Amino acid sequence: MAIRHLPAAGRPMSAPTAARETVTEEPPVKWLTAAELDSWLSLVRLMTWLPWSIDQQLQRDSNLGMVEYQVLAMLSNAPEQTMRMSSLAEVTNASLSRLSHLVKRLEGRDLVRRKPDSADGRFTNAILTDKGLQTLAEAAPGHVAHVRSLVIDVLPPEQLRRLGRAADRIVSRIDISEIN
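Residues numbered from 1 in each chain as written. Predicted model: local features only at pLDDT ≥ 70, side-chain atom pairs only at ≥ 80, totals over all residues. Heavy atoms only, no water.

*Asks:* Which parts of the structure should I look at to understand helix H2 (residues 34–62)?
*Replies:* The α-helix winds at 3.6 residues per turn, so residues separated by three or four positions along the chain end up facing the same way. Taking 1.5 Å per residue as the helical rise, H2 with its 29 residues ought to reach 42 Å, and the 42 Å between its terminal C-alpha atoms agrees with that figure. Listing the buried residues of H2 in full gives Leu 37, Val 44, Ser 53, Ile 54, Gln 57, Leu 58 and Ser 62. Where H2 terminates, the next one or two residues include Asn 63, which has phi positive at roughly 55 degrees. (Helix = DSSP H or I, 4+ residues; strand = E, 2+ residues; numbered from the N terminus. Expected span 1.5 Å × (residues − 1). Buried < 20%, exposed > 50% of the residue type's maximum accessible area, 1.4 Å probe, protein only.)

Below, the structure written as structure tokens:
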């Protein structure tokens, strides 16, 4: 979380330690203004509460978590309702290990099945089953209504468009961040 003011560490460095340290000039921290901090904290609340609320609705109405729903939705839009696990992990922003555990649970419910990729046996495909498609079709109306009530219907079309563009700019910055 962003901090508006942070006091200096105040820890003096001993001469021998200072001599060993490589001197690098770091740019001064550009602290958030009060208005920037208010906007940032609003965004943090949105990032925390919106996924929670969507997950709660999906769990209550469809016995699906938000990421499970996302996996089913991605598969439903893929050619032959099939995707390589590595591609599915990428579009759902899940590690391959996490996705593998999730797909195993979905397999146990007969919503998805896995099989080796016939074009390249080194890869495994996730395939949406008929029951998975039916589960998604039954979950979608309630999910869309909830998303509409939380986001779409509370913003005029122009604000919604600007929000989408701003989100795209932030995501593109995340994509090129050296931390990622």
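More follows now that the structure is in view.
*Asks:* Can you walk me through the side chain of Ser 53 in this structure?
*Replies:* Along the chain, the position of Ser 53 falls in helix H2. Discounting residues that sit within four places of it in the chain, Ser 53 has contacts with His 146 and Leu 150. (Contact = heavy atoms within 4.5 Å.)

*Asks:* Just to check I follow, could you spell out the pattern of salt bridges for this structure?
*Replies:* Should their charged atoms come close, side chains of opposite charge can pair. The final tally for this structure, using the stated rule, is nine salt bridges. A salt bridge links Glu 107 to Arg 114; the nearest nitrogen and oxygen atoms lie 2.8 Å apart. A relative accessible area of 28% places Glu 107 in the partly exposed class. Take Arg 114: its relative accessible area is 27%, and that puts it in the partly exposed class. Where Asp 120 meets Arg 122, a salt bridge forms, and the shortest distance between an N and an O atom there is 2.6 Å. The class of Arg 122 is exposed, set by a relative accessible area of 70%. Look at the salt bridges and you will find they share partners, linking Glu 68, Arg 105 and Arg 109 into a network. (Salt bridge = Lys/Arg side-chain N within 4 Å of Asp/Glu carboxyl O.)

*Asks:* Is there a simple way to think about the layout of surface pockets in this case?
*Replies:* One simple way to see leftover space: roll a probe sized like a water molecule over the atoms. Of the volumes computed, that of the largest pocket is approximately 1300 Å³. Around the largest pocket sit 30 residues that line it, and Leu 46, Met 47, Leu 50, Ala 167 and Val 171 are the ones nearest its centre. Elements represented by at least two residues in the lining of the largest pocket include exactly H2, helix H3 (66–77), helix H4 (85–91), helix H6 (130–150) and helix H7 (157–176). With nine residues, H7 is the largest single contributor of residues to the lining of the largest pocket. Across the lining of the largest pocket, the residue classes tally to 22 nonpolar, five polar and three charged. Roughly 170 Å³ of internal volume is contained in the second largest pocket. Forming the boundary of the second largest pocket are Ile 170, Arg 173 and Ile 174. (1 Å grid on protein atoms, 1.4 Å probe; cavity = no way out; pocket = protein on both sides within 12 Å on 5 of 7 lines; lining within 4 Å. Points joined across faces, edges and corners; volume = space filled by probe spheres on them. Nonpolar A, V, L, I, M, F, W, Y, C, P; charged D, E, K, R; others polar.)

*Asks:* When you look at a nonpolar patch on the surface in this model, what are you seeing that I'm missing?
*Replies:* Residues Trp 40, Leu 43, Leu 46, Met 47, Ile 170, Val 171 and Ile 174 make up a contiguous nonpolar surface patch of roughly 590 Å² in combined accessible area. Elements represented by at least two residues in the nonpolar patch include exactly H2 and H7. Considering each element in turn, the nonpolar patch owes the most residues, four residues, to H2. Within the secondary structure, Met 47 is located in helix H2. Overall, Met 47 belongs to the partly exposed group, its relative accessible area being 46%. (Patch = residues over 30% accessible without salt bridge, like charges linked within 9 Å, V, L, I, M, F, W, Y side chains within 5 Å. Areas by Shrake-Rupley, 256 points an atom, 1.4 Å probe, with all protein chains shown as cover.)

Keep in mind these numbers describe shape, not what the thing actually does.
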